[in-house]
Amino acid sequence: MLSRLGELIWADWIWFPEGHGWADLKDHDGLVFPKTQDLWATIPIALCFLVIRQIFERTVATPLASLLGVNDKQRVRARPNPVLESYFCSTSKHPTQSSIESLSKQTGCSVRQVQRWFRRRRNQDRPSKLKKFQEASWRFTFYLLAFFAGLAVLIDKPWFYDMKQMWDGFPKMPLLSSQYWYYVIELGFYVSLLFSIASDVKRKDFKEQIIHHVATISLISFSWLVNYIRAGTLIMLVHDASDYLMESAKMFNYAGWRKTCNFIFTMFAAVFIVTRLVILPFWIIYTTWVYPLTLYPPFLGFYFFNGLMLVLQALHIFWAVLIVRMVIKFLPGNDIVEDERSDKEETESEDEDNGREQREKFKNGYVQNGHSFLNNNHNKKD
């Protein structure tokens, strides 16, 4: 039963155009082709990346942060309070006004003190500026090295200049050793990101990041299995072209180097839009989606691969909107770039502003449960 199911899942007609199949990927005459078992090498590589990252952050990123002047503000810790801690951990980190008043009665604290406790407690859980810098510097180092390694792998390949040649001889295209190492190292890195995502800095696009990592790992793995390697290397290079600029902008942001950060972020925005919104959809996806239909009839593997490409492209559009919004914000006032995906630390002034807003609601006729009083004088001035 299982063997028949396996035969059905891996049937030639699902993953290859008519007239081709898995037999085309068997080694012969000294030519080597990608194999499924090769992907297992990415697991130990991912584990090595996790170890190297820890060493890098302690021996390189931390001294570099000190050199660039990355300083963390001293955070005031919330005083131990079992009732508030229990609510914070089990119910909500952002209690409603009615919940705050209920907690105030239970603890004997004022409403303002409860609000301040939750603000300080939330700040305790937020990652420090040093941790953010360490993470950004690690990714910057990898993406920079990966980009130039990808250029070295592709610069002398004909499909780098004429993308239609990525289908020349498909699927009987032998695997080069440079392609092998480029693939397994990139895939191992993304697997390591998936392993560490729970401990990394969580941003507002956390779900999109998971979708991106899963789609990227699936795309790289699938392109390896069915020998879409030429297309895969081009896709990885396009992604690495802008990522190292973004991470370096973050590094200077955390260090407070305002002008440097703004300049690099502007470069990143330009490269991101050109590579992700122009080159990827109109050159690469065109060559993987439209052009193959002139050579082969469509098959399920063709739709699966391009479906993953469309998922990535949708995420690129989502992030492009955030990037453009950030550029618009900082250019007129020459302010420092703030990553809109980050959860910003709350301050005492924000707490006071919230209190004033709440008092204004009472003045305008709002009670604590959100319903308004019947007040015929609501248009009169106080």
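Below is a summary of the structure that appears in this document. Since we're looking at a predicted model, the values are computed, not measured.

**A few points about the nonpolar core**
Then comes step 1: Counting residues in hydrophobic clusters, the biggest one holds 81 residues, and the most contacted among them are Tyr 228, Phe 265, Ile 284, Phe 305 and Met 309.
Then comes step 2: Every element with two or more residues in this core is listed here: helix H2 (12–15), helix H3 (42–68), helix H7 (129–154), helix H8 (177–196), helix H9 (206–225), helix H10 (229–255), helix H11 (258–289) and helix H12 (300–333).
Then comes step 3: The element that contributes the greatest number of residues to this core is H10, accounting for 13 residues.

**Focus: the environment of Phe 16**
Then comes step 1: Position of Phe 16 among the secondary structure elements: in the loop between H2 and H3.
Then comes step 2: Taking C-alpha positions, Phe 16 is 7.9 Å from Phe 302, a pair spaced 286 residues apart along the chain.
Then comes step 3: When neighbours within four sequence positions are excluded, Phe 16 is seen to be in contact with Gly 21, Trp 22, Leu 25, Phe 170, Pro 171, Val 226 and Phe 299.

**Examining the side chain of Gln 179**
Then comes step 1: Here Gln 179 lies in helix H8.
Then comes step 2: Taking relative accessible area as the criterion, Gln 179 reaches 3% and is therefore assigned buried.
Then comes step 3: In contact with Gln 179, other than residues within four places in its own chain, are Val 153, Trp 159, Pro 174, Ile 229 and Arg 230.

**What to know about helix H4 (residues 82–90)**
Then comes step 1: Along H4, the residues that are buried comprise Leu 84, Tyr 87 and Phe 88. Seen along its axis, H4 keeps its buried residues to an arc of 100°; they face one direction. In H4, the exposed positions angled more than 90 degrees off the buried face are occupied by Pro 82, Cys 89 and Ser 90.

**Some thoughts on a nonpolar patch on the surface**
Then comes step 1: Taken together, the side chains of Leu 5, Leu 8, Ile 9, Trp 10, Trp 13, Leu 300 and Tyr 303 make up a nonpolar region of the molecular surface, amounting to roughly 770 Å² of accessible area.
Then comes step 2: Mapped onto the nonpolar patch, the elements with two or more residues apiece are helix H1 (2–9) and H12.
Then comes step 3: Here the element with the most residues in the nonpolar patch is H1; it accounts for three residues.
Then comes step 4: Summarising the element assignment, Leu 300 is placed in helix H12.
Then comes step 5: We classify Leu 300 as partly exposed; its relative accessible area is 45%.

Parameters and conventions
- Residues numbered from 1 in each chain as written.
- Predicted model: local features only at pLDDT ≥ 70, side-chain atom pairs only at ≥ 80, totals over all residues.
- Heavy atoms only, no water.
- Core = buried A, V, L, I, M, F, W, Y, C linked by side-chain atoms within 4.5 Å.
- Buried < 20%, exposed > 50% of the residue type's maximum accessible area, 1.4 Å probe, protein only.
- Helix = DSSP H or I, 4+ residues; strand = E, 2+ residues; numbered from the N terminus.
- Contact = heavy atoms within 4.5 Å.
- Arc of directions from axis to C-beta.
- Patch = residues over 30% accessible without salt bridge, like charges linked within 9 Å, V, L, I, M, F, W, Y side chains within 5 Å.
- Areas by Shrake-Rupley, 256 points an atom, 1.4 Å probe, with all protein chains shown as cover.
- Salt bridge = Lys/Arg side-chain N within 4 Å of Asp/Glu carboxyl O.

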